[in-house]
Amino acid sequence: MRSSQEIVQAGRQVFPAPDFSSNGAMAAAVVEDSCAFGSTKYFLLCGLGGFLSCGITHTMVTPLDLVKCRLQVDQAKYKNVVHGFKITMKEDGFKGLAKGWAPTFLGYAAQGMCKFGLYEVFKVHYSEMIGEENSYVYRTALYLAASASAEFFADVALSPMEAAKVRIQTQPGFANTLREAIPKIHQSEGLNGFYKSLVPLWMRQIPYTMMKFACFEKTIELLYKYVVPKPRAECTKGEQLIVTFGAGYIAGVFCAIVSHPADTLVSKLNQAKGASAGDIVKKIGFMGLWQGLGPRIVMVGTLTAAQWFIYDAVKVFFRLPRPPPPEMPESLKKKLALQ
């Protein structure tokens, strides 16, 4: 068993923190790191970055999220996104578009803190499992494993606020504020009311997060290789930022697609008291699970791109260490040379 210091060093070599400054989008002058890579302070500040990135971005798109949820739970009334906005404005006014903003901020901020903070924790600890192995396949597998593990706990933090948000947004007359919704849910369904959609939430968010972390890195690589007309080093910071945002948006599109059926189930479960996931699938059918995909692609693509930007900005502001990209260990190079 290796010491914690050795594990941290392995994390530097095998599983470095996401280094978006390497693409120039958030490049800063070389300054002294504010803490050691893999330290408690490092993990806490990464959690703060996730708290801000997810809380701010999800709250910004509350109006679109509201219409998307209503489109999912009442397809007869809300025929499409534009129609959904018109009906919401007519019935609730402009202020009604902000319904559910409080549970959205608190829920997704808590989720983001766990998602990004624990992701960094799992990367370091999982690196011990592979030793010197540093191939692309192994690194990708560890990124996927770390993100899935982090999201498992992140959704436990999100679930209560997600339940309140959906009730506020999709059940007229149930509650207008978080303070009204929480006691009503607890009184009618107990703790189960806050966690009955946790499994569909895992089904939605774990594939989403795995895609979010893995797809972003590969997309950045492909954009610079096949789309951008000049080398990355010759691009201005503004040009590189556009590429970063574009990569985040593309990753978000794939995230939305792989997680959308479960997202519909989450909305339906929190709307229909006593219904199971199986009951809902039987009622709305396979195609019903894809209702509202268009607005969710727009929402999730924008969110994913903005979240990477804010998360990295926090890391730059607090001068968090950015280990260099991993290199193939000498032992593996020798092994391959003998084959």
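Residues numbered from 1 in each chain as written. Predicted model: local features only at pLDDT ≥ 70, side-chain atom pairs only at ≥ 80, totals over all residues. Heavy atoms only, no water.

An unreviewed UniProt entry lists the protein chain under the name Phosphate carrier protein, mitochondrial, with Acyrthosiphon pisum as the source organism. According to the UniProt record, the Sequence similarities (unreviewed entry) comment for the protein chain is "Belongs to the mitochondrial carrier (TC 2.A.29) family." The annotation that UniProt attaches to the protein chain under Subcellular location (unreviewed entry) is "Mitochondrion inner membrane". (UniProt positions renumbered as here; feature names shortened; annotations may be inferred.)

Participant: For this particular structure, what's the right way to read the confidence of the model for the protein chain?
Facilitator: As a general rule, the predicted coordinates of low-pLDDT regions are not to be interpreted in detail. When pLDDT is averaged across the protein chain, the result is 79; 81% of the residues are at 70 or more. When mean pLDDT is taken per element in the protein chain, helix α2 (residues 40-60) scores highest with 94 and helix α1 (residues 4-14) scores lowest with 47. Taken as a whole, residues 10-30 scores under 50 in pLDDT and shows 76 contacts with residues more than four places along the chain or in a different chain. Note that pLDDT drops below 50 for residues 324-329; the model gives that stretch 14 contacts with residues more than four away or on any other chain. (pLDDT = per-residue confidence, 0-100. Helix = DSSP H or I, 4+ residues; strand = E, 2+ residues; numbered from the N terminus. Contact = heavy atoms within 4.5 Å.)

Participant: Would you mind showing me how to read the packing of α2 against helix α5 (residues 101-130) here?
Facilitator: In a packed pair of helices, the relevant descriptors are the angle between the two axes and the axis-to-axis distance. It is at 6 Å that the axes of α2 and α5 come closest, and there the two elements cross at 145°. Between α2 and α5 lies a crossing whose hand is right-handed. Each residue belonging to the contact of α2 with α5 can be placed in one class, and the counts come to 15 nonpolar, nine polar and two charged. (Axes fitted to C-alpha atoms, helices over the stretch in contact; angles between N-to-C directions. Left-handed = near helix turned anticlockwise from the far one by under 90°. Nonpolar A, V, L, I, M, F, W, Y, C, P; charged D, E, K, R; others polar.)

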